[in-house]
Amino acid sequence: MTDTPDFVREIRINPIDPTESVLVSTARGMRPRKAEERAPRDERERVETCPFCRGNEDKTPPTIKAYPDARDWDIRIVENLFPVLGDDRPQGSLAFGLQQVIDGYGRHEVVIDHPSHGISLHQMSREHLANLFQTYQERMAEMYAADPRLKYVLVFKNFGPAAGASIPHTHSQIIATPVVPENVQNEVFHSRNYHRKFNQCVFCSLIDEALTYEATIYDRHSGAVRRRVNVGQYVVERGERFIAIKPFASRYEWEVHVLPLQHAADFLRATREDLADFARVLRRTMARLDQVIGGAQYNFFLHSLPHGEEHKDCGPSYHWHLEICPRTSIPTGFELGSGLFVSTISPERAAEQLRAVALED
Ligand SMILES: [Zn+2]
Ligand SMILES: [Zn+2]
Ligand SMILES: [Zn+2]
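To start, this report covers the structure provided alongside it. Since we're looking at a predicted model, the values are computed, not measured.

## Considerations on the overall build of the protein chain
- Assigned secondary structure in the protein chain consists of six helices and 15 strands.
- With 361 residues in all, the protein chain has 35% of them scored as buried.
- In the protein chain, the share of contacts with a sequence separation of at least 24, taken over all contacts with a separation of at least 6, comes to 70%.

## Some details on the nonpolar core
- Ranked by internal contacts, the top residues of the largest apolar core, which has 76 residues, are Phe133, Ile245, Val258 and Phe278.
- Examining the composition of this core, we find that nine residues originate from one element, helix 4 (residues 272–293), more than from any other.
- When residues no more than four places from it in sequence are discounted, the contact partners of Phe133 are Leu275, Phe278 and Ala279.

## Quick notes on unusual backbone geometry
- Of the consecutive residues Tyr67 and Pro68, the connecting peptide bond is found in the cis state with omega at -10°.
- Among the structural elements, Pro68 can be located in the loop between strand 3 (63–67) and strand 4 (75–79).
- The backbone of Asn199 shows a phi angle near 55°, a positive value even though the residue is not glycine.
- Within the element layout of this structure, Asn199 appears in the loop between helix 2 (182–198) and helix 3 (202–212).

## Description of the pairing of strand 5 (residues 107–112)
- With five of six residues buried, strand 5 lies mostly within the body of the structure.
- Examined bridge by bridge, strand 4 and strand 5 share four bridges and lie antiparallel to one another. Its bridge partner being in strand 5, Arg76 is matched across the sheet by Ile112.
- Summarising the sheet, strand 5 and strand 7 (residues 171–177) pair through six bridges and their orientation is antiparallel. Its bridge partner being in strand 7, Val110 is matched across the sheet by Gln173.

## What to know about the sheet that holds strand 4
- The antiparallel open sheet is built from 10 strands, whose spatial order is 3-4-5-7-6-13-14-12-11-10. Taken across any chain shown, the strands that pair with only one partner, and hence form the sheet edges, are strand 3 and strand 10 (235–238). Along the sheet, successive strands turn relative to each other by an average axial angle of 20°, direction set aside.
- Bridge count for strand 12 (residues 256–260) against strand 14 (residues 321–326) is three bridges, and the pairing is antiparallel. Across the sheet, Val258 pairs through a bridge with Leu322, a residue of strand 14.

## Notes on the pairing of strand 12
- Within strand 12, five of the five residues are buried, which leaves the element mostly enclosed by the surrounding structure.
- Covered by surrounding structure in strand 12 are Val256, Val258 and Pro260 together with His257 and Leu259, the residues of both alternating faces.
- Two strands pair when backbone bridges link them, and strand 11 (residues 242–245) and strand 12 are joined in this way by four bridges, in the antiparallel orientation. Residue pairing in the sheet places Ile245 in a bridge with His257 of strand 12.

## Quick notes on the sheet that holds strand 2 (residues 21–25)
- Ordered by their spatial adjacency, three strands build an open sheet running 1-2-15, and the pairing between neighbours is mixed. Of all strands in the sheet, those with a lone pairing partner are strand 1 (9–13) and strand 15 (341–343), marking the two edges. For this sheet, the mean angle separating the axes of adjacent strands, direction not counted, is 25°.
- Two strands pair when backbone bridges link them, and strand 1 and strand 2 are joined in this way by five bridges, in the antiparallel orientation. Among the inter-strand pairings, Ile13 is bridged to a residue of strand 2, identified as Ser21.

## Some thoughts on helix 3
- Those residues of helix 3 lying buried are Val202, Phe203, Cys204, Leu206, Ile207 and Ala210.
- On the buried face of helix 3, the contacting elements are helix 2, strand 10, strand 11, strand 12 and strand 14.

## Side note on the packing of helix 1 (residues 126–146) against helix 4
- At a minimum axis distance of 8 Å, the contact between helix 1 and helix 4 shows a crossing angle of 115°. Handedness of the helix 1/helix 4 crossing: right-handed. Contacts between helix 1 and helix 4 pair Arg126, Leu129, Ala130, Phe133 and Gln134 from the former with Leu275, Ala276, Phe278, Ala279, Arg280, Leu282 and Arg283 from the latter.
- Split by residue class, the contact of helix 1 with helix 4 holds eight nonpolar, one polar and three charged.

## Quick word on the environment of Tyr194
- Inspection of the secondary structure puts Tyr194 in helix 2.
- Sequence separation between Tyr194 and Pro15 is 179 residues; the distance between their C-alpha atoms is 9.7 Å.
- The contact partners of Tyr194, leaving out residues within four places of it in the chain, are Val202 and Ser317.

## What to know about the environment of His171
- Following the sequence through the fold, His171 ends up in strand 7.
- It is 9.4 Å that separates the C-alpha atoms of His171 and His117, two residues lying 54 residues apart in sequence.
- Apart from residues no more than four positions distant in its own chain, His171 is found in contact with Phe52, Val110, Val111, Ile112 and Asp113.

Definitions and limits used
- Residues numbered from 1 in each chain as written.
- Chains lettered and ligands numbered in written order.
- Predicted model: local features only at pLDDT ≥ 70, side-chain atom pairs only at ≥ 80, totals over all residues.
- Helix = DSSP H or I, 4+ residues; strand = E, 2+ residues; numbered from the N terminus.
- Buried ≥ 20, exposed ≤ 12 C-beta atoms within 10 Å, placed from the backbone.
- Contact = placed C-beta atoms within 7 Å.
- Core = buried A, V, L, I, M, F, W, Y, C linked by C-beta atoms within 7 Å.
- Pairing = 2+ DSSP bridges.
- Axes fitted to C-alpha atoms, helices over the stretch in contact; angles between N-to-C directions.
- Left-handed = near helix turned anticlockwise from the far one by under 90°.
- Nonpolar A, V, L, I, M, F, W, Y, C, P; charged D, E, K, R; others polar.

Okay, here's the thing in structure tokens:
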């Protein structure tokens, strides 16, 4: 028996990065909410003026990589026209004293996810999604191999204007940077500490807990049952090799993480069979989100073990995953000023709603 409490007000510490916490407060009206109705979206198949639509290849920088081939592509990678990082032309630095800078050197590429202009992730075929993640994998490997100064290759996607997508045609981005992004670095650092203490991967521990743990919490004074917790309540979707979990301390109300069930630190080592199951779990998870929050606008971030000498010993402690972060509310001044994210729906309730969606396949 599970009973999800209607009212929660507690600060939850992120078990992976204990310096991060979230205030779960289900009291209504704490923040300005966006309308619940389905966000309007450009669902057209092809748009004549769109540089990412098939037939308009001459409107983008040249193809860097394409699947299956550049003439009749399903997936196409091009240079970003407005890169946030660029080539390594020497430039004068203005930093002095305590200010430290690293040259904004790196690579910034755009992945045109699908030829169809307005398609959502859950509308893509399983096979296409597996091909897409395999294309990321290949390109990441090429970037790491091309330049040892690149410490991290981040794959991410902005979908919908609320998530910062400036071009409506479905696309994702790959940014290779000379530093490991702070949140990945924090995960790597804290999971290594956890591993040193408990000789276990913290992500694996969370998966085990999600799959098996059940507990009853008693009132210390009266002995009455206060709450029955079934940690399985965080599982959103489960495949043969992957699991989608609603994190207990999520920053975003509808945030879901997809992880391999077996320990694996490096996304680049995922096999074709892994990616096939991953694609299925991802597609079903996105379909659930789409149903519950009405046309999800979201970001996803692929977190994998950084390459480079200093992370060589982190294979046993780090566990790759995809973080899906739907954008359903606007951060309040309190959140921006305190760094404490506020969730007005409890993660347990959110997972329950996502699980309740009936899917066709
Ligand atoms: Zn288009
Ligand atoms: Zn693990
Ligand atoms: Zn992560």
